[in-house]
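Listed below, chain by chain, are the residues.
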Amino acid sequence: SAVISQKPSRDICQRGTSLTIQCQVDSQVTMMFWYRQQPGQSLTLIATANQGSEATYESGFVIDKFPISRPNLTFSTLTVSNMSPEDSSIYLCSVRTAFNEKLFFGSGTQLSVL
Amino acid sequence: EDKVVQSPLSLVVHEGDTVTLNCSYEVTNFRSLLWYKQEKKAPTFLFMLTSSGIEKKSGRLSSILDKKELFSILNITATQTGDSAVYLCAVTIYNFNKFYFGSGTKLNVKP
C-alpha cells in the first residue's frame, strides 16, 4: 500500500481567497486523483492529476477554479481558487499504484469558507 | 450514464445486530467493486471484489459480488459501536483509471 501525506488537515478561509492543498506519496504511483466530498454527500471526482501535463477534469470542474499540478510521480497540489462558502468540503487526494488495483486515500483536508 | 447506488442511505442498529448493506451498479466496462469505511475524513479500504460468488471475509465483515444481477452486499455480524461509520461502495472500470462512488450508507451502532 501507499502512504499518503496530505496537508493542510483543515483550514478556515475567507471568501475570495485561494488555498493550495498538497499531496505527497511515499512511492511512485500510476494515478493520482482529487475528490471533493460536500457535507453529507459522497465522493465526487474533481480531476485526474497527470504527471507533467494538464490535469483531466470531470464535468462541472474547470482548471481556473481548481488548478492542479503534478510535477513528478509522487507529488501533486490542488488549489481551490476564489473561494466561496459553497466550496466548504472535504478534499481528498487518492492514488493507485502500478501493482495494486485499489484506491488509497490521503488523510483529507477539511475546508471551511466564511 | 454510469452510476452506483447504495441502500439504505442510513441505518441505526444496536450492538450485536447483523446488518446488510447493498450496492448496485450500472457501469460500462466494469472491472471490480470496492468497499470502503469512512469514519472521519479518509476512507479506508475493506474489500475488492472482481469475481461473482466468491465471498471475501475479514473478521465480522464479509462481502460478495453478483455480476449477473449487478450488485454487491456487505455484511457485518455482531455489530459494535466501532462499526459506526459511512460505508462507501465504489466501482472501477477495465483499466482502473476511474472509480465511481455511491452515496454511502451511514451506519450508527448504538450501545
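Residues numbered from 1 in each chain as written. Chains lettered and ligands numbered in written order. Predicted model: local features only at pLDDT ≥ 70, side-chain atom pairs only at ≥ 80, totals over all residues. Heavy atoms only, no water.

1. Comments concerning the overall build of chain B
Counting its regular elements, chain B contains 0 helices and 11 strands. Secondary structure of chain B in N-to-C order comes out as β-β-β-β-β-β-β-β-β-β-β. Over its C-alpha trace chain B gives a radius of gyration of 13 Å, about what one expects of a compact globule, namely 13 Å for 111 residues. Viewed in the frame of its principal axes, chain B has a C-alpha envelope of about 40 × 30 × 20 Å. By residue count, 42% of the 111 residues in chain B fall in the buried class. Long-range pairs, those at least 24 residues apart, make up 55% of the contacts in chain B with a sequence separation of at least 6. (Helix = DSSP H or I, 4+ residues; strand = E, 2+ residues; numbered from the N terminus. Rg over C-alpha atoms; globule rule 2.2 N^0.38 Å. Buried < 20%, exposed > 50% of the residue type's maximum accessible area, 1.4 Å probe, protein only. Contact = heavy atoms within 4.5 Å.)

2. Here we look at the pairing of strand β4 (residues 31-37) of chain A
All names here are of chain A. Burial of β4 is extensive: 7 of the 7 residues sit out of reach of the surface. Pairing between β4 and strand β5 (residues 44-49): 5 bridges, direction antiparallel. Bridged to F33 within β5 is T48. (Pairing = 2+ DSSP bridges.)

3. Some words on the pattern of salt bridges
Across all of its chains, the model carries 3 salt bridges over all chains by this definition. Across the salt bridge formed by K98 of chain B and E58 of chain A, the nearest N and O atoms sit 3.1 Å from each other. In this pair, K98 of chain B is assigned in the loop between β9 (85-93) and β10 (99-101) and E58 of chain A in the loop between β6 (56-57) and β7 (68-72), connecting two distinct chains. The residue D83 of chain B makes a salt bridge to R60 of chain B at a minimum N-O spacing of 2.8 Å. Remark: R60 of chain B occurs in the loop between β6 (56-58) and β7 (61-66) and D83 of chain B occurs in the loop between β8 (71-76) and β9; sequence separation between them is 23 residues. (Salt bridge = Lys/Arg side-chain N within 4 Å of Asp/Glu carboxyl O.)

4. Observations concerning the nonpolar core
Within the largest apolar cluster, 27 residues are counted, with the highest numbers of intra-cluster contacts made by W34 and V95 of chain A. Top element by residues in this core is strand β3 (residues 19-25) of chain A. It accounts for 4 residues. V4, C23, V27 and L33 of chain B belong to the second-largest nonpolar core, a separate cluster that totals 23 residues. (Core = buried A, V, L, I, M, F, W, Y, C linked by side-chain atoms within 4.5 Å.)

5. What to know about the sheet that holds strand β1 (residues 4-7) of chain A
Residues and elements named next belong to chain A. If you trace the 4 strands from one edge of the open sheet to the other, you get β1-β3-β8-β7, paired in antiparallel fashion. The sheet is open, and its two edges are formed by β1 and β7, each paired on a single side. Going across the sheet, the axis of each strand differs from the next one's by a mean of 15 degrees, ignoring polarity. For β7 and strand β8 (residues 75-80), the ladder comprises 3 bridges, and the chain directions are antiparallel. In the sheet register, I68 faces β8, and the bridge partner there is L78. (Axes fitted to C-alpha atoms, helices over the stretch in contact; angles between N-to-C directions.)

6. Points about the environment of L74 of chain B
All names here are of chain B. Summarising the element assignment, L74 is placed in strand β8. By relative accessible area, which is 0% here, L74 ends up buried. If near-sequence neighbours (up to four positions away) are discounted, L74 is found in contact with V19, T20, L21, W35, L46, F47, S62, S63 and Y87.

7. Examining the confidence of the model for chain A
For chain A, per-residue confidence averages 92 on the pLDDT scale, and residues scoring 70 or more make up 99% of the total. Between the elements of chain A, mean pLDDT differs from a low of 92, seen in strand β10 (residues 104-105) of chain A, to a high of 97, seen in β8 of chain A. (pLDDT = per-residue confidence, 0-100.)

8. Points about the interface of chain B and chain A
Listed as interface residues are 19 residues of chain B and, on the opposing side, 21 residues of chain A. Taken over both partners, the interface formed by chain B and chain A buries close to 1,700 Å², and the fraction arising from carbon and sulfur atoms is 59%. Taken together, the links from chain B to chain A amount to 1 salt bridge. On the surface where chain B and chain A come into contact, there are 7 residue pairs in polar contact (both at pLDDT 80 or more). At the level of elements, β4 (30-38), β5 (43-49) and β10 of chain B are the ones that each hand at least two residues to the side of chain B that touches chain A. Considered class by class, the residues forming the side of chain B that touches chain A number 10 nonpolar, 5 polar and 4 charged. (Buried area = accessible area lost by both parts, 1.4 Å probe. Polar contact = N/O pair within 3.5 Å; in protein donor to acceptor, adjacent residues only side chain to side chain. Nonpolar A, V, L, I, M, F, W, Y, C, P; charged D, E, K, R; others polar.)

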